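# Reading the structure
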Amino acid sequence: LELVYLFANFETLFEGFAYRPNPSDLEISLSLQQTWSSFAATGGFAGPSYVAGDDPYRELDVPSSEGAGLRTEQCDFWDQWL
């Protein structure tokens, strides 16, 4: 589903259904495009860096937000192997 937003091709979201993106859709789309373009140019993402135990995340919504402690139990499991 995120590819629809990344490439802003909302007309392919539902076959045979002409979907018109709302302002929030367009804002999220632009944010994803800027984030991936920045990654392609710099090799890194802007935002919180992963630190074991903190489990930072960025919520892609309008407005976007950042936080910590998302799926801590699952992240702790993978921390022991990585």
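In what follows, the accompanying structure is described. (Residues numbered from 1 in each chain as written. Predicted model: local features only at pLDDT ≥ 70, side-chain atom pairs only at ≥ 80, totals over all residues. Heavy atoms only, no water.)

Here the focus is the pairing of strand β2 (residues 65-68). Two elements, strand β1 (residues 56-59) and β2, share four bridges in a ladder whose sense is antiparallel. Looking at β2, one finds that arginine 58 is bridged to glutamate 66. The antiparallel hairpin formed by β1 and β2 contains five residues in its connecting segment. (Pairing = 2+ DSSP bridges. Helix = DSSP H or I, 4+ residues; strand = E, 2+ residues; numbered from the N terminus.)

Quick look at the packing of aromatic side chains now. Tallying each qualifying case throughout the model produces five aromatic pairs. Summarising the aromatic geometry, the rings of tryptophan 36 and phenylalanine 39 are spaced 5.7 Å apart at their centres and angled 85° between planes, so their arrangement reads as edge-to-face. Pair noted here: tryptophan 36 and phenylalanine 39 are both in helix α2 (residues 23-42), with a separation of three residues, about one helical turn. Exposure remark for tryptophan 36: the relative accessible area of 42% places this residue in the partly exposed category. Classification of phenylalanine 39 as partly exposed rests on a relative accessible area of 31%. (Phe/Tyr/Trp six-rings, centres within 6.5 Å; stacked < 30°, edge-to-face > 60°. Buried < 20%, exposed > 50% of the residue type's maximum accessible area, 1.4 Å probe, protein only.)

With that settled, the discussion passes to the environment of leucine 26. Note on placement: leucine 26 falls in helix α2. Measuring from C-alpha to C-alpha, the distance between leucine 26 and tyrosine 5 comes to 7.8 Å, with 21 residues separating the pair along the chain.

This paragraph deals with the pattern of salt bridges. With the rule as written, the count across this model stands at one salt bridge. Put simply, glutamate 66 and arginine 58 hold a salt bridge, and the shortest N to O gap is 3.0 Å. (Salt bridge = Lys/Arg side-chain N within 4 Å of Asp/Glu carboxyl O.)

With 20 residues, α2 should reach 28 Å at 1.5 Å per residue; the first-to-last C-alpha distance of 28 Å fits that figure. For α2, the complete set of buried residues consists of Asp25, Ile28, Ser29 and Leu32. Angularly, the buried residues of α2 cover 105° about the axis, an arc narrow enough to put them on a single face. Facing away from the buried side of α2 by over 90 degrees, the exposed positions are Pro23, Gln34, Ala41 and Thr42. Turning to α2, the residues buried within the fold contact α1 (2-6). (Expected span 1.5 Å × (residues − 1). Arc of directions from axis to C-beta. Contact = heavy atoms within 4.5 Å.)

By the secondary structure assignment, valine 51 is in the loop between α2 and β1. A residue is classified by how much of its surface remains accessible, and valine 51, at 43% relative accessible area, is partly exposed.

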